[in-house]
Amino acid sequence: MTQYQTGDLAKCCNVSIRTIQYYDKKGLLASTKNEENGRRRFDAKSKQDLEIILMLKRFGFRLKDIKKLLAENNKLKTVRSMIEQSALDIEQEIYKNQILLSEMKQFNKFIGKESKAPLNKLLETKQYVTNNDNLNTLTRSIIYQVLPVALIQYTALVTSLITKKWLPCLIVLPFMIAFAINLTHLTYKRLIYVCPNCQEVIKPNIMAWLLASHTPKTRKLQCPHCHETSHCMAIDKRMKLTKSSKQM
Ligand SMILES: [Zn+2]
């Protein structure tokens, strides 16, 4: 019958000698002692048990549960229900980590790579991150306002193309322009920006705001406090004021 010394078994199963010794001490593996040299020896059954232990450890099982499984020679259906529970725990952990990762990425959007702001600004950044969720609500409300107007515009254009008369387009055009100007002005009034370099809040003048290159949530602006030009994150002015007044 094949016999393994501790080092051979460790090599065979790609684990450390210390791990084998620990499992042996905890009674998870059966071994015999060589009386001549005092070394432990393991048989093929112990090797098989070790392979099972390592597999179940990977699934997140606790050693005391694995020991019970091995001792009672349980059927696979017991392992199945334990895997189910362990998989559920892993899914919950992944979910929690995804939320944490998303939050951390949000923080980094507000903090520039070369930020010179002191550590205590992190608390303000937390407020901006929270506020950023509210900004999504503002963006959605803008989309809901624009959609019906875009539909009217599209209908007028199609009608003009089918009838080959430009009157529907001409009637709608002034209202479209007025709507666009009004919406732009309302958006400008609602938004303020956070400088990622010094964490100060910026309210650019309307011309600088209009001409700045931008994404849906950032605008490239020059900060009046640190004078750096960077992509500043937008926050909802109304939401921020509500938070500040609560803190006072
Ligand atoms: Zn700045």
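Since the structure is predicted, the reported quantities are computational estimates derived from the model, not experimental observations.

### Some remarks on the coordination of the zinc ion
Then comes step 1: Taken together, C195 (SG), C198 (SG), C223 (SG) and C226 (SG) make up the full set of protein donors to the zinc ion, lying 2.3 Å away.
Then comes step 2: Here the donor residues of the zinc ion are spaced in sequence according to C-x2-C-x24-C-x2-C. For the pair formed by C195 and C198, the shared burial category is buried.

### Topic: the packing of helix 5 (residues 76-110) against helix 6 (residues 122-163)
Then comes step 1: The interhelical angle for the contact between helix 5 and helix 6, taken along N-to-C directions, is 110 degrees, at an axis separation of 9 Å. Considering their axes alone, helix 5 and helix 6 lie roughly perpendicular with respect to each other. Two packed elements cross with a definite hand, and for helix 5 against helix 6 that hand is right-handed. Residues Q106, F107 and F110 of helix 5 touch helix 6, and the partners they reach there are L122, T125, K126, Y128, V129 and N132.
Then comes step 2: Of the residues that constitute the contact of helix 5 with helix 6, the class distribution is five nonpolar, three polar and one charged.

### Here we look at the domain arrangement of the protein chain
Then comes step 1: Split into domains, the protein chain comes out as domain 1 (3-74) and domain 2 (119-247).
Then comes step 2: A straight line from the C-alpha centre of domain 1 to that of domain 2 covers 64 Å.

### Observations regarding the side chain of D24
Then comes step 1: As for its position among the elements, D24 is in helix 2 (residues 17-25).
Then comes step 2: Among the polar contacts made by the side chain of D24, one reaches the side chain of R40 at a distance of 3.4 Å.
Then comes step 3: Once residues within four sequence positions are removed from consideration, D24 is found in contact with L29, S31, R40 and F42.

### Some details on a positive patch on the surface
Then comes step 1: Taken together, the side chains of K189, K203, K237 and R238 present a region of like positive charge at the surface.
Then comes step 2: Of note, K203 is situated in the loop between strand 5 (201-202) and helix 8 (206-211).

### Looking at the pattern of salt bridges
Then comes step 1: Per the counting criterion, the structure on display carries nine salt bridges.
Then comes step 2: Here K121 ties to E124 by a salt bridge, and the two come within 3.6 Å at their closest N and O atoms.
Then comes step 3: We classify E124 as partly exposed; its relative accessible area is 30%.
Then comes step 4: One salt bridge in this structure joins E200 and K121, with 3.1 Å as the shortest N-O distance. Of this pair, E200 sits in the loop between strand 4 (191-194) and strand 5 while K121 sits in the loop between helix 5 and helix 6, and the two are 79 residues apart along the sequence.

### Examining the sheet that holds strand 7 (residues 229-236)
Then comes step 1: Reading across from one edge, 5-4-7-6 is the order of the four strands in this open sheet, with antiparallel pairing throughout. Bordering the open sheet on either side are strand 5 and strand 6 (218-222), each of which pairs with just one other strand.
Then comes step 2: Seen against the sheet, helix 6 touches strand 4, strand 5 and strand 7 and runs at an angle of roughly 70 degrees to strand 7.
Then comes step 3: Those strands touched by helix 7 (residues 167-190) are strand 4 and strand 7, and its axis lies near 45 degrees from that of strand 4.

### Some points on the UniProt feature "transmembrane region" (unreviewed entry) in the protein chain
Then comes step 1: In this numbering, the UniProt entry assigns the feature "transmembrane region" (unreviewed entry) to residues 142-162 and 169-188.
Then comes step 2: Overall, residues 142-162 shows 100% helix and 0% strand. The separation of its end C-alpha atoms is 30 Å.
Then comes step 3: Split by type, residues 169-188 is 100% helix and 0% strand. Its first and last C-alpha atoms lie 28 Å apart.

### Description of the pairing of strand 3 (residues 40-43)
Successive residues of a regular strand alternate their side chains across the two faces of the sheet.
Then comes step 1: Pairing of strand 1 (residues 3-5) with strand 3 involves three bridges; the strand directions are antiparallel. Its bridge partner lying in strand 3, Y4 is registered against F42.
Then comes step 2: In this sheet, strand 3 lies alongside strand 2 (residues 31-33) in antiparallel orientation, the contact comprising three bridges. The residue of strand 3 that forms the bridge with S31 is F42.
Then comes step 3: The antiparallel hairpin formed by strand 2 and strand 3 contains six residues in its connecting segment, where G38 sits at a positive phi of about 75 degrees.

### Observations concerning the packing of aromatic side chains
Then comes step 1: Counted according to the given criterion, the structure contains four aromatic pairs.
Then comes step 2: Sitting above the plane of the Y188 ring, K203 keeps its charged end 4.1 Å from the centroid.
Then comes step 3: The ring of W209 has R219 lying over it, and the distance from NZ or CZ to the ring centre is 4.1 Å.

Cut-offs applied
Residues numbered from 1 in each chain as written. Predicted model: local features only at pLDDT ≥ 70, side-chain atom pairs only at ≥ 80, totals over all residues. Heavy atoms only, no water. Donors = N, O, S within 2.8 Å, 3.2 Å for Na, K, Ca; no water. Buried < 20%, exposed > 50% of the residue type's maximum accessible area, 1.4 Å probe, protein only. Axes fitted to C-alpha atoms, helices over the stretch in contact; angles between N-to-C directions. Helix = DSSP H or I, 4+ residues; strand = E, 2+ residues; numbered from the N terminus. Parallel < 35°, antiparallel > 145°, perpendicular 65-115°, else oblique. Left-handed = near helix turned anticlockwise from the far one by under 90°. Contact = heavy atoms within 4.5 Å. Nonpolar A, V, L, I, M, F, W, Y, C, P; charged D, E, K, R; others polar. Domains from an automatic or database assignment. Polar contact = N/O pair within 3.5 Å; in protein donor to acceptor, adjacent residues only side chain to side chain. Patch = residues over 30% accessible without salt bridge, like charges linked within 9 Å, V, L, I, M, F, W, Y side chains within 5 Å. Areas by Shrake-Rupley, 256 points an atom, 1.4 Å probe, with all protein chains shown as cover. Salt bridge = Lys/Arg side-chain N within 4 Å of Asp/Glu carboxyl O. Lys, Arg positive; Asp, Glu negative; His and termini not counted. Charge placed at Lys NZ, Arg CZ, Asp CG, Glu CD. Pairing = 2+ DSSP bridges. UniProt positions renumbered as here; feature names shortened; annotations may be inferred. Phe/Tyr/Trp six-rings, centres within 6.5 Å; stacked < 30°, edge-to-face > 60°. Lys NZ or Arg CZ within 6 Å of the ring centre and 35° of its normal.

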